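# Observations on the three-dimensional arrangement
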Amino acid sequence: MKTILKSKSQELIIDTEGPVVVIGESINPTRRKKLVETLSLNNFELAIQLAKSQIEAGADVLDINVGYPGVDDAALLPATVKAIQEEVDVPLCIDSPNPKAIEAALKVIEGRCLINSVNGEEKSLEAILPLAKAYDAAIIGLVMDDDGITHDPEKRLRIAEKILKRAIKQGIKEEDVVIDPLAMAVSADPNACLVTLETIRLVHEKLGLNITQGASNISFGLPNRDVLNMAHMVLSIWNGLTCPIANPNKITTMVRAADLIRAKDDYAIRFTEHYQMMEMMKKI
Ligand code: THG
């Protein structure tokens, strides 16, 4: 299955049989006070700098989230998208729970983006799916619904099937639905990662869709988070994860290694190129 995203002049294919695609997470005010300060003044310098540095570190797509308390994201999200599109040429993933902000951003998107996200709740399906169709965007489907978050992988698969069915009914192609299996903190529930890994395996095997997930959610509240996140990412990739939302500085080297090991990088071209790029960056 291939999900095609586009920027101004580039086309990116997220392929369930191909190498992993990295969605850069860093343009997100979560614990980034400086980003909140600058964005609240409509100053996009830091956001643009984060965009460029993530691409240098290996990000193929950029997640754009401007959600902080009190923000008018229906105004700020499109403004941020426009500012970033003027400076970089990679596909974007617009990340907001507010359908008005999503639509405002879709109006200014150049190319073909990923909407982050719809979920299995009726109000979300009714508000977001028509936007994905109207603006020809791909869409991330979070496997939660009006009953909340289930810890049963089979039930999470059912929600993924419901989102897929409703998307197809809306006229969206199945390859444009990317599933997020939900990654919860393993400090809160010892089985949290197993539930996510089994959900990934089921969605990959039964639906064959591209799969994303936040790379750092599972380690919340624990020490040595990067190692924990990396271990979970490797296992997730083996089960069918294809486009994680992550800090590219932390994940790209591992992703290139995992691709090489899975025979998704003939003659180690991407693995070697990334290594050489990182060595060169160290010298700058
Ligand atoms: N699924 C989907 N969308 C998502 C998430 C998901 N969007 C938001 C989030 N989860 C993924 N994005 C982030 C962004 C920043 C951080 C965590 C998740 C974060 N950043 C720390 C900081 O910036 O200080 C540093 C973390 C790090 O560098 O590893 O915590 O799950 N569909």
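Scroll up to find the structure.
Residues numbered from 1 in each chain as written. Predicted model: local features only at pLDDT ≥ 70, side-chain atom pairs only at ≥ 80, totals over all residues. Heavy atoms only, no water.

What follows is about the overall build of the protein. Of regular secondary structure, the protein possesses 10 helices and nine strands. At 18 Å, the protein has a C-alpha radius of gyration in line with the 19 Å of a compact globule built from 284 residues. Expressed as lengths along the three principal axes of its C-alpha atoms, the size of the protein is roughly 50 × 45 × 35 Å. Per-residue burial for the protein yields a buried fraction of 53% across its 284 residues. At a minimum sequence separation of 6, the contacts of the protein that also span at least 24 residues come to 68%. With an accessible surface of roughly 13,200 Å², the protein has 56% of that area assigned to carbon and sulfur atoms. Averaging the positions of the 32 positive and the 40 negative side-chain charges in the protein gives two centres separated by 1 Å. (Helix = DSSP H or I, 4+ residues; strand = E, 2+ residues; numbered from the N terminus. Rg over C-alpha atoms; globule rule 2.2 N^0.38 Å. Buried < 20%, exposed > 50% of the residue type's maximum accessible area, 1.4 Å probe, protein only. Contact = heavy atoms within 4.5 Å. Areas by Shrake-Rupley, 256 points an atom, 1.4 Å probe, with all protein chains shown as cover. Lys, Arg positive; Asp, Glu negative; His and termini not counted. Charge placed at Lys NZ, Arg CZ, Asp CG, Glu CD.)

Taken together, the neighbourhood of the ligand is formed by 15 residues, with Arg31, Asp95, Asp180, Asn217 and Asn247 sitting nearest. Arginine 31 places a side-chain nitrogen or oxygen 2.7 Å from an oxygen atom of the ligand. The contact in question runs from a nitrogen atom of the ligand to an N or O atom on the side chain of aspartate 95, over 2.9 Å. Protein coverage of the free-state accessible area of the ligand, which is 670 Å², stands at 81%. Residue composition of the shell around the ligand, by class: two nonpolar, seven polar and six charged. (Near = heavy atom within 4 Å. Polar contact = N/O pair within 3.5 Å; in protein donor to acceptor, adjacent residues only side chain to side chain. Nonpolar A, V, L, I, M, F, W, Y, C, P; charged D, E, K, R; others polar.)

Bringing unusual backbone geometry into the picture now. Following asparagine 116, the chain continues to serine 117 via a peptide bond in cis, the omega torsion being 15°. Tracing the sequence through the fold places serine 117 in strand E6 (residues 114–119). Backbone geometry at asparagine 42 places phi at a positive 55°, although glycine is not the residue there. Topologically, asparagine 42 is positioned in the loop between helix H1 (33–40) and helix H2 (45–56). Unusually for a residue other than glycine, alanine 263 sits at a positive phi of about 60°. When you line up the elements, alanine 263 lands in the loop between helix H9 (248–261) and helix H10 (269–283).

This part takes up the packing of helix H3 (residues 73–87) against helix H4 (residues 99–108). Running from N to C, H3 and H4 point in directions that differ by 30°, and their axes come no closer than 8 Å. As far as their axial angle goes, H4 and H3 are roughly parallel. Crossing of H3 against H4: the hand is right-handed. Contacts between H3 and H4 involve Asp73, Ala74, Leu77, Pro78, Val81, Lys82 and Gln85 from the former and Lys100, Ala101, Ile102, Ala104, Ala105 and Val108 from the latter. When its residues are assigned to classes, the contact of H3 with H4 shows nine nonpolar, one polar and three charged. (Axes fitted to C-alpha atoms, helices over the stretch in contact; angles between N-to-C directions. Parallel < 35°, antiparallel > 145°, perpendicular 65-115°, else oblique. Left-handed = near helix turned anticlockwise from the far one by under 90°.)

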